Amino acid sequence: MPLVTIDVIRDVFTPAQKADLIREVTDAMIRVEGEAMRGVTWVRINEIASGDWAIGGRPLTTQDVHKLAATPLSA
């Protein structure tokens, strides 16, 4: 039985977005492994406290992620 774990920073995703993640990731797994595996495909979301996740030694906060999401990618 597959187990997919998604780590996110707390308060970045709404409950509806987390539900979408769970549904979409489950559907992606089923496309690969077949419909018979749906009932045993687990998806869990771990929420890490703001500031307890770091990149390059720099803590990343909820506000940092919201700012990144609002910044358009440069061409």
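Reading guide: rules and limits
Residues numbered from 1 in each chain as written. Predicted model: local features only at pLDDT ≥ 70, side-chain atom pairs only at ≥ 80, totals over all residues. Heavy atoms only, no water. Helix = DSSP H or I, 4+ residues; strand = E, 2+ residues; numbered from the N terminus. Rg over C-alpha atoms; globule rule 2.2 N^0.38 Å. Buried < 20%, exposed > 50% of the residue type's maximum accessible area, 1.4 Å probe, protein only. Areas by Shrake-Rupley, 256 points an atom, 1.4 Å probe, with all protein chains shown as cover. Polar contact = N/O pair within 3.5 Å; in protein donor to acceptor, adjacent residues only side chain to side chain. Expected span 1.5 Å × (residues − 1). Arc of directions from axis to C-beta.

Q: What exactly am I supposed to notice about the overall build of the chain here?
A: A count of helices and strands for the chain gives two helices and four strands. The N-to-C order of helical and strand elements in the chain reads β-α-β-β-β-α. For the chain, whose C-alpha radius of gyration is 15 Å, the value lies well above the compact-globule estimate of 11 Å for 75 residues. Dimensions of the chain, computed from C-alpha atoms along their principal axes, come out at roughly 40 × 30 × 25 Å. Expressed as a percentage of its 75 residues, the buried residues of the chain come to 20%. A total accessible area of about 5,500 Å² is found for the chain, and carbon and sulfur atoms account for 60% of it.

Q: Even after reading the chapter, I still don't get the environment of T5, so can you show me in this structure?
A: Examined against the element boundaries, T5 turns out to sit in strand β1 (residues 3-9). A C-alpha to C-alpha distance of 7.1 Å links T5 and N46, two positions 41 residues apart in sequence. A polar contact of 2.9 Å, which involves the side chain of T5, links it to the side chain of R44.

Q: Help me understand helix α1 (residues 15-33) in this model?
A: Every α-helix carries 3.6 residues per turn, so stepping three or four residues along brings you back to the same face. Relative to the 27 Å expected for 19 residues at 1.5 Å per residue, α1 spans 27 Å between its end C-alpha atoms, a close match to the ideal helical length. Every buried residue of α1 is listed here: K18, T26 and I30. The arc enclosing the buried residues of α1, seen along the axis, measures out at 105°, which places them on a common side. In α1, those exposed residues whose orientation departs by more than 90 degrees from the buried face are A16, R31 and V32. Of the residues one or two after α1, G34 is the one with positive phi, at around 100°.

By themselves, these figures tell us nothing about what the structure is for.
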